[in-house]
Structures are given as C-alpha cells and as structure tokens.
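Listed below, chain by chain, are the residues.
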Amino acid sequence: MSTEFNERLPEPLGEQAQIWIVGTREQVNHIISEMYVRQLITDRSQFSPMVPAPVQGKYMSVLLR
C-alpha cells in the first residue's frame, strides 16, 4: 500500500511538511474544501489524489507544503 501511494505523489517526500487527512470519502472532501474556502490552500490540486487508507472503509489524501 505505501509504495502504491508514494508513487502517486508528485514529488519525493524528503524534508517537506505533510498534512494527512484520513476519514470517509465525504469527510476528506469536506476538509479539503474547507481548507480551500478558508484560504489555507490556493488550489485543491495541492492534495494528492484520494486513495483507500489501510483502515477499512477510510480514504486518505496528503497535502505537501
């Protein structure tokens, strides 16, 4: 699972700070939208594509800053 997820990230993780969002599909979408509305991010595409999390029924997305 980690190799597949890391391959989807646009850059190597290196020393970049990360924000991980894990929850149901609706929760993850809501938090990403909320961060955009509050102008914490400038574009929703700053997050990695949503992928299934190792926890049953959960999804995750990562913001690299």
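Below is a summary of the structure that appears in this document. (Residues numbered from 1 in each chain as written. Predicted model: local features only at pLDDT ≥ 70, side-chain atom pairs only at ≥ 80, totals over all residues. Heavy atoms only, no water.)

Another point: the nonpolar core. Looking at soluble globular proteins, one finds that nonpolar side chains tend to be buried together. I21, V28, I32, M35, I41, F47 and L63 form the largest nonpolar core, which has seven residues in total. Residue contacts for L63: discarding those within four places in its chain leaves A17, Q18, I19, M35, I41, Q46 and F47. (Core = buried A, V, L, I, M, F, W, Y, C linked by side-chain atoms within 4.5 Å. Buried < 20%, exposed > 50% of the residue type's maximum accessible area, 1.4 Å probe, protein only. Contact = heavy atoms within 4.5 Å.)

Our focus in this paragraph is the pattern of salt bridges. Scanning the model with the defined rule gives one salt bridge in all. Here R38 makes a salt bridge to E34, at a shortest N to O gap of 3.0 Å. Residue R38 is classed as exposed on the basis of its relative accessible area of 59%. Since its relative accessible area comes to 31%, E34 is described here as partly exposed. (Salt bridge = Lys/Arg side-chain N within 4 Å of Asp/Glu carboxyl O.)

This brings us to the packing of aromatic side chains. Here the structure, examined in full by the defined rule, presents zero aromatic pairs. A cation over a ring is seen here: R25 above Y59, with NZ or CZ 4.3 Å from the ring centre. (Phe/Tyr/Trp six-rings, centres within 6.5 Å; stacked < 30°, edge-to-face > 60°. Lys NZ or Arg CZ within 6 Å of the ring centre and 35° of its normal.)

Take the sheet that holds strand β1 (residues 18-23) next. Strands sit in the order β1-β3-β2 across an open sheet of three strands; the sheet is antiparallel. In the strand order of this sheet, the two ends are held by β1 and β2 (51-52), each with one partner. In this sheet, strand β3 (residues 59-64) lies alongside β2 in antiparallel orientation, the contact comprising two bridges. Paired with P52 across the strands is Y59, a residue of β3. Set on the sheet, helix α2 (residues 25-37) makes contact with β1 and β3; between it and β1 the angle comes to about 140°. (Pairing = 2+ DSSP bridges. Helix = DSSP H or I, 4+ residues; strand = E, 2+ residues; numbered from the N terminus. Axes fitted to C-alpha atoms, helices over the stretch in contact; angles between N-to-C directions.)

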